[in-house]
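Residue-level structural notes
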Amino acid sequence: MTTPSSHDALLQLSSQEYKLGFSVDLEADTVPRGLSEDIVRLISRKKNEPPWLLEWRLKAYRHWTTMREPKWAKITYGPIDYQAITYYSAPKPKGPAPKSLDEVDPEIRAMYQKLGISLVEQERLAGVAVDAVLDSVSVATTFKRQLADLGILFGSFSEAVHDHPDLVRKWLGTVVPHNDNYFAALNSAVFSDGSFAYIPKGVRCPMELSTYFRINAAGTGQFERTLIVAEEGAYVSYLEGCSAPMRDEHQLHAAVVELVALDNAEIKYSTIQNWYPGDKDGKGGVYNFVTKRGKALGRNSKISWTQVETGSAITWKYPSCWLIGDNSIGEFYSVAVTGHRQQADTGTKMIHIGKNTRSTIVSKGISAGHGQNTYRGQVKILKGAVNARNYSQCDSLLLGDTCGAHTFPDIEVMDPTAQMEHEATTSKIGEDQLFYSQQRGLSQEDAVGMIVNGFCKKVFLNLPLEFAVEAQKLLLVSLNLEGTVG
Amino acid sequence: MGAPMLEIRGLRAKVGDLEILRGVDLTLHAGEVHAIMGPNGSGKSTLAGVLAGRPTYEVTGGSVRYEGKDLLAMRPEVRAREGVFLAFQYPVEIPGVSNAYFLKSAVNSIRRHRGEPELDSADFVGLVAEKMKVLGLDEAVMKRGVNEGFSGGEKKRNEIFQMAVLEPRLAVLDETDSGLDIDALRVVAAGVNAMRSPQRTILVITHYQRLLTYIVPDRVHVLSAGRIVRSGDKGLALELEQKGYAGVEAAGA
């Protein structure tokens, strides 16, 4: 007779259940499938955009047609048919545009309610301003007035194009140019909405700003673009969340995020990514190709990325910092979970340009099932970046025998005064840790949940408190350990 | 004397293809302290592991009854909740999980199993404060990760501290003295002695007689090549100290 083995139970843990996979029937205003100059013009026309923006889109589109999809990442997927995708879908307004949140289509409000996102102010997420983006458009923004009183602009990208064209034109594409990479160029051509935040000089944004992205329509790609500018001495903490219905076909999500921090400004950007990951055999799921970059342009400026990546069939993203201002700081804290057939190739780039620039990278990859998890990071210290410092820590945790973890760190140092530290570990979730915990009375599930959360703690500590709790729960749900650790 | 707390009959166990326990017989009653001594490789830690349900070991024969129940049929966590505690020879680190969280989860799993209400944080702090003092652990330890960055001595003291909090009915101490200096040994032994009670059985596994001058056993057993080859009172430990295992085994044969 044998002692009950922990192994089988461990394998079972990797089966995921996606809780946000419902879809809602909303009448939509949709453009024809496929991509062409005409489609780009049509999107721009639907959004009633100024000519300069249409020109910028067309420039991006023309460049995109000369580019090839990148193949260097450690991910495998079938060919994407860019002509089969619908590039714009907006829920059809049932009347004139809503003037207040009370006027937002009750069906849409109910859908967000079901997702746990309150569009009614002063509810569960009181103290958090939410911009809700559904498929291609922003459907609601909360706390707009209170923020405007402080001079903070926060709302949909489309509105910003009309209401603050000079600001948008000044900064759009300055961090991620229209021709930056294949997916960024595609986004620049067809992006439909996203969030815009502008924090004026010396203002500390008093609440979390947040965008909730939801794909609802079938066969539709989502291409949002977010731009955040923090003027001298400004501070903002921004959080994005996302989800999508369960569908058998893959859906493409190619977003761009640009951050600019001027002298003494700080931007904290947190992501909880929970796009539909596909089923256990890899059917369906979102292809998530995202370009995120921040320029720490000013002296003593700081840009901090925190991401919890639990969803998507494929994740391809490298939130990066260009540390241009002297004494500027870049941070990247990441938890990436891959179960079933999920693949993640994610990491960061820290480009040190200014003097005394510092960067910190903490990456935690968790693989289960047949998941493949890759950390890819680049730290570059340019000549003249005197006294630059970097600390990198990349840890991988494997649950079971059929998953994989890979690490590709790239370090280029061109200034002799640089100080670099790199630590990396790969561990299987310890049978020893499990047995030790069980011997103290904890169930296997409780023990795994506890060990995994402990593994991620250094990253969760960087999330705004209310989201840290959400992230912890989400992590357990994605590893099917829900209800184990409170 | 009532029914035994633990009754081991003809217990056999292997790791891979290697048979390590080859028919162990042992009976422990409530209130007793037994010591198992033996040379390296005799099967001491295997016996401890089998009693706690460590998955590395495969039981190939025999039986273990704990308070009349079939211990080997229980999952490791059920054994723990039923009152079986193993103080590990090599306590395990769990980074990022605080000692306080870990131990409170353990206490509450056991309380749930017994149908008792769970402790909240305030109750828990009250429960542990006194016991930490006895083992010379300071409060900061509770906030640190489980055994994370602990010295060897701290890890062993933490094991005994956990035992004091969880109040098992059967405690198995697997080479708790290894790696301890004399002062730490005294602290640990005092912690164990404070746990002696008519309701509790303690099984001390050790290589050296030294520990048994501080934790005085009622019975001493010599394990050799997977079997108990001699049993006696505390005097047997001294005899071992003088003659060595080879001498005692020869005398017992």
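Data block above holds the structure.
Each helix and strand counted, chain B has 8 helices and 12 strands in total. Scaling as 2.2 N^0.38, a compact globule of 253 residues should have a C-alpha radius of gyration of about 18 Å, and chain B matches this with 18 Å. Taking the principal axes of its C-alpha atoms as reference, chain B extends roughly 55 × 40 × 40 Å. In chain B, which comprises 253 residues, the proportion classed as buried is 44%. Taking the intrachain contacts of chain B between residues at least 6 apart in sequence as the baseline, contacts between residues at least 24 apart amount to 70%.

As a further point, take the overall build of chain A. A count of helical and extended segments in chain A gives 11 helices and 23 strands. Counting the 486 residues in chain A, one finds 56% classified as buried. Taking as baseline every contact in chain A between residues at least 6 positions apart, the subset at least 24 positions apart corresponds to 82%.

The strands making up a sheet associate through backbone hydrogen bonding, with each pair oriented either parallel or antiparallel. Residue and element names in this part refer to chain B. Taken together, the 6 strands give an open sheet; going across it, the order is β6-β9-β10-β3-β11-β12, and neighbouring strands pair in mixed fashion. In this open sheet, the two strands that pair with only one neighbour each are β6 (84-87) and β12 (227-232). Taken pair by pair, the neighbouring strands of this sheet meet at an average axis angle of 20°, ignoring direction. Bridge analysis of strand β9 (residues 170-174) against strand β10 (residues 201-206) gives 5 bridges, and the strand direction is parallel. When the bridges of β10 are listed, V172 appears paired with L203.

All right, on to the interface of chain A and chain B then. Between chain A and chain B, the residue contacts involve 24 residues of the former and 26 residues of the latter. For the side of chain A that touches chain B, the secondary structure elements donating two or more residues are α9 (431-439) and α10 (444-460) of chain A. Here the side of chain A that touches chain B gets 7 residues from one element, more than from any other, and that element is α9 of chain A. Each residue belonging to the side of chain A that touches chain B can be placed in one class, and the counts come to 8 nonpolar, 11 polar and 5 charged.

Here we come to the sheet that holds strand β2 (residues 18-28) of chain B. All names here are of chain B. One open sheet accounts for 4 strands, arranged β2-β1-β4-β5; its pairing is antiparallel. Both outer strands of the open sheet, β2 and β5 (69-70), are each paired with one neighbouring strand and no more. Where strand β1 (residues 6-15) lies against β2, 8 bridges are found, and the strand directions are antiparallel. Across the sheet, the residue bridging to R12 is R22, located in β2.

Ranked by internal contacts, the top residues of the largest apolar core, which has 188 residues, are A230, V236, A261 and I267 of chain A together with V172 of chain B. Ignoring sequence-local partners within four residues, the contact set of V236 of chain A consists of A197, I199, C205, L209, I228, A230 and I267 of chain A.

What follows is about the packing of helix α3 (residues 51-64) of chain A against helix α8 (residues 182-190) of chain A. Residue and element names in this part refer to chain A. At their nearest, the axes of α3 and α8 sit 7 Å apart, and the two run at 145° to each other. Of the two possible hands of crossing, α3 and α8 adopt the one that is left-handed. For the pair formed by α3 and α8, the contact residues are R57, A60, Y61, H63 and W64 on the first element and Y182, A185, L186, S188 and A189 on the second. Here the contact of α3 with α8 is built from residues that sort into 7 nonpolar, 2 polar and 1 charged.

This next bit is on α9 of chain A. Residue and element names in this part refer to chain A. With respect to burial, α9 is a largely interior element, 7 of its 9 residues being buried. Among all positions of α9, only Q433, L434, F435, Y436, S437, Q438 and Q439 are buried. Backbone geometry just after α9 places G441 at a positive phi near 105°.

All names here are of chain A. With their axes 9 Å apart at the nearest point, α9 and α10 run at an angle of 125° to one another. By the angle between their axes, α9 is oblique relative to α10. The handedness of the crossing between α9 and α10 comes out as right-handed. Between α9 and α10, the residues in contact are Q433, L434, S437 and Q438 and Q444, A447, V448, M450 and I451, respectively. Across the contact of α9 with α10, the residue classes tally to 5 nonpolar, 4 polar and no charged.

Turning our attention to the environment of F150 of chain B. Residues and elements named next belong to chain B. Along the chain, the position of F150 falls in the loop between β8 (145-146) and α6 (152-166). By C-beta crowding, F150 is classed as partly exposed, having 19 other C-beta atoms within 10 Å. Expressed as a C-alpha distance, the spacing of F150 and E93, which sit 57 residues apart in the sequence, is 8.7 Å. For F150, the residues in contact, after removing those within four places along its chain, are K155 and N158.

Criteria and thresholds
- Residues numbered from 1 in each chain as written.
- Chains lettered and ligands numbered in written order.
- Predicted model: local features only at pLDDT ≥ 70, side-chain atom pairs only at ≥ 80, totals over all residues.
- Helix = DSSP H or I, 4+ residues; strand = E, 2+ residues; numbered from the N terminus.
- Rg over C-alpha atoms; globule rule 2.2 N^0.38 Å.
- Buried ≥ 20, exposed ≤ 12 C-beta atoms within 10 Å, placed from the backbone.
- Contact = placed C-beta atoms within 7 Å.
- Pairing = 2+ DSSP bridges.
- Axes fitted to C-alpha atoms, helices over the stretch in contact; angles between N-to-C directions.
- Nonpolar A, V, L, I, M, F, W, Y, C, P; charged D, E, K, R; others polar.
- Core = buried A, V, L, I, M, F, W, Y, C linked by C-beta atoms within 7 Å.
- Left-handed = near helix turned anticlockwise from the far one by under 90°.
- Parallel < 35°, antiparallel > 145°, perpendicular 65-115°, else oblique.

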